[in-house]
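A structural walkthrough
What follows is the residue order along each chain.
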Amino acid sequence: QLAVGDSVGQILIYKLDENRLWSAATREERSSSHQPATFHWHSNAVLCLEWGVKDEEGLAPEIMHLYSGGSECTLIIWEFPQGKKSFLPRFPAPLLSLRGCHSQKEELGMESLLAVGCADNSVVVINVVTKSKLCTISGLQVPYDKVLSLQRNHAGRAEVSLFKSKRGILQKYDLDQ
């Protein structure tokens, strides 16, 4: 599935079928079979999206989570295919980037964590299951472009990595301290 946020606050979710994309069907047949599902909560542009880890062996293996953020300073947690949503409000600034931990096997205990990059140059790490804020990294000296990763390092400690593309700067922060 492909999720796209637009400038009016909608999220469009396309179900991509590889067999249909590369079939001999006409362009009209292909485009009519790829009408997106549309969901709307944001009052302005959707600034960031991130798919959650699919819980293949858990209590609800058919549910997929999508996280979205924007200028409302609120994280929206969507459950698909139902389109149900829950909210985590009061971030310090508009949400610009999201990064989850996508490797459940290696990152045991971190699969429910999400790093939220905010416009005030801070990063908030939250637990999306309990909807609690675990820590805030603020006062970053160099503005970053995006949250690059949320993972365990070679020593087994949880860390978040930030990247600034124009200057090539990589910042890492230890979350276990």
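Reference entry: report on the structure contained in this document. Per chain, residue numbering runs from 1 following the sequence as it is written. Only residues with pLDDT of at least 70 are given local features in this predicted model, and only at 80 or more are side-chain atom pairs given and counted; all residues enter the totals for whole chains, interfaces and linings. Side-chain measures here rest on the full set of heavy atoms in the structure, leaving out hydrogens and waters.

Another aspect to go through is the overall build of the chain. A run of DSSP states H or I qualifies as a helix once it reaches four residues; a run of E qualifies as a strand once it reaches two. Both are numbered from the N-terminal end. Check the secondary structure of the chain and you find two helices and 14 strands. Buried positions account for 40% of the 177 residues belonging to the chain. Whether two residues are in contact is decided by their heavy atoms: any pair within 4.5 Å suffices. Pairs at least 24 apart in sequence give 41% of the contacts found in the chain among residues at least 6 apart. All accessible-area figures derive from a Shrake-Rupley calculation using a 1.4 Å probe, and residue coverage is judged against the displayed protein chains alone. Taken as a whole, the chain presents about 10,200 Å² of accessible surface, with 51% of it coming from carbon and sulfur. Each residue is assigned to one of three classes by its accessible area relative to the maximum for its type, calculated with a 1.4 Å probe on protein chains only: buried under 20%, partly exposed between the two thresholds, exposed over 50%.

Take the pairing of strand E9 (residues 113-118) next. The buried fraction of E9 amounts to six of the six residues, a majority that puts the element mostly inside the structure. Residues Leu113, Ala115 and Gly117 point to one face of E9 and Leu114, Val116 and Cys118 to the other, with burial holding for every one of them. Any two strands with at least two DSSP bridges between them are considered paired. Across five bridges, strand E8 (residues 95-100) lies against E9 in antiparallel orientation. Looking at E9, one finds that leucine 98 is bridged to valine 116. Relative to strand E10 (residues 123-127), E9 is paired through five bridges, and the arrangement is antiparallel. Counterpart to valine 116 in the pairing with E10 is valine 124. Between E9 and E10, which pair antiparallel and follow one another directly, the connecting turn spans four residues, one of which, asparagine 121, has a positive phi of 70 degrees.

Attention shifts here to the nonpolar core. Note on terminology: a nonpolar core comprises buried Ala, Val, Leu, Ile, Met, Phe, Trp, Tyr and Cys residues joined through side-chain atoms within 4.5 Å. Core analysis: the biggest nonpolar cluster contains 16 residues, and Leu75, Phe91, Leu98, Leu114, Val116 and Ile126 have the highest contact counts within it. Listed by contribution, the elements that provide at least two residues to this core are strand E6 (75-80), E8, E9 and E10. When residues in this core are grouped by element, the largest group, three residues, is from E9. What leucine 114 contacts, discounting residues up to four positions off in sequence, is Glu50, Tyr67, Leu75, Leu98, Arg99, Gly100, Val124, Val125, Ile126, Val128 and Leu150. Core analysis: the next-biggest nonpolar cluster, separate from the first, contains 13 residues, Leu113, Val123, Ile137 and Val160 among them.

Our focus in this paragraph is the packing of aromatic side chains. Here a pair means two rings of Phe, Tyr or Trp (six-membered ring of Trp) with centres within 6.5 Å. Their orientation is stacked below 30 degrees between planes, edge-to-face above 60, and tilted elsewhere. Under the criterion given, the structure shown has five aromatic pairs. The interplanar angle of 10 degrees and the centroid separation of 6.1 Å between the aromatic rings of tryptophan 78 and phenylalanine 80 together place this pair among those described as stacked. Residue tryptophan 78 shares its accessibility class with phenylalanine 80, and that shared class is buried. Aromatic rings pair up to connect Phe39, Trp51, Trp78 and Phe80 into one cluster. Each ring is checked for a lysine NZ or an arginine CZ that lies within 6 Å of its centre and within 35 degrees of its normal; such an atom marks a charge sitting over the ring. Between lysine 133 and the ring centre of phenylalanine 91, over which it is positioned, the NZ or CZ distance is 4.4 Å.

The next thing to look at is the environment of valine 160. Within the secondary structure layout, valine 160 lies in strand E13 (residues 158-164). Apart from residues lying up to four places away in sequence, valine 160 is in contact with Ala115, Val123, Ile137, Val147, Ser149, Leu150, Gln171, Lys172, Tyr173 and Leu175.

Right, let's talk about the pattern of salt bridges for a bit. By definition, a salt bridge exists where a carboxyl oxygen of Asp or Glu is found within 4 Å of a side-chain nitrogen of Lys or Arg. Under the counting rule described, the total for this entry stands at one salt bridge. The salt bridge involving arginine 99 is made with glutamate 50; its shortest N-O contact spans 3.7 Å. In this pair, arginine 99 is assigned in strand E8 and glutamate 50 in strand E4 (residues 46-51), connecting sequence segments 49 residues apart.

Of note in this structure, cysteine 73 is not a glycine but carries a positive phi near 60 degrees. With respect to the helices and strands, the residue cysteine 73 is situated in the loop between strand E5 (64-70) and E6. A positive phi angle is found at asparagine 121, which is not glycine, with a value near 70 degrees. As for its placement among the helices and strands, asparagine 121 is situated in the loop between E9 and E10. Judged by its relative accessible area of 15%, asparagine 121 is buried.

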